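# Structure at a glance
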Amino acid sequence: MAIILLGIYFQKIIPTFFFLVFLLEIKKRSGGYHVDKFITCFLVTIGIYSIFVILLLPIMLQAINVTYAILAVSIIILEIIGAVNHPNMNWNIEEYKRSKKMSRTVVALEGIVIICFIYLGVCLELIVFMAFAVILSALLLLLAKISKQEVFQ
């Protein structure tokens, strides 16, 4: 709800909606980095979104080809890793395999949607919001792997 309120404040409600859908659809299937306390997660999430809208969005729009390249690398990372079995998830082996498969499917579908939007000439700002959700998902997955937050079955 806080991100939606920020989206209203920044006058970016539709792009924010797409950002949230893209981010949450990957995150709920892939897992990713987790912090210990809800308040920390909340503040970091608000901070990341605000920094994106205020600082990164103009840069990503101006350097759209670089944004597309980073998006492509992020999709590859997400397709390779698939999911991280964080202790909060604690999937059994079958759940983990299913999550990896579903995460990869969602990422592929989101990539296709972004490509279609590019070719349809949809507003670049909307595309960058969706791209940032995918990029952020890849970063959070990598961070979880690097920080060894994964449990193995």
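Scroll up to find the structure.
Predicted model only: the values in this text are computed from it and were never measured.

Rules behind the numbers
- Residues numbered from 1 in each chain as written.
- Predicted model: local features only at pLDDT ≥ 70, side-chain atom pairs only at ≥ 80, totals over all residues.
- Heavy atoms only, no water.
- Phe/Tyr/Trp six-rings, centres within 6.5 Å; stacked < 30°, edge-to-face > 60°.
- Buried < 20%, exposed > 50% of the residue type's maximum accessible area, 1.4 Å probe, protein only.
- Helix = DSSP H or I, 4+ residues; strand = E, 2+ residues; numbered from the N terminus.

Once that is clear, we can look at the packing of aromatic side chains. A full pass over the atoms with the stated rule returns 11 aromatic pairs. Centre to centre, the rings of Tyr9 and Phe10 are 5.2 Å apart; their planes meet at 70°, and the pair counts as edge-to-face. With a relative accessible area of 63%, Tyr9 lands in the exposed category. Ring geometry for Phe52 versus Phe132: centroids 4.1 Å apart, planes at 5°, classification stacked.

With that out of the way, let us pick up the environment of Leu5. Within the secondary structure, Leu5 is located in helix H1 (residues 2–9). Sequence separation of Leu5 and Thr16 is 11 residues, and the distance between their C-alpha atoms is 9.6 Å.

Note on placement: Cys123 falls in the loop between helix H5 (93–120) and helix H6 (124–146). Taking relative accessible area as the criterion, Cys123 reaches 48% and is therefore assigned partly exposed. Considering only alpha carbons, one finds Cys123 and Pro15, 108 residues apart in sequence, at a separation of 9.7 Å.

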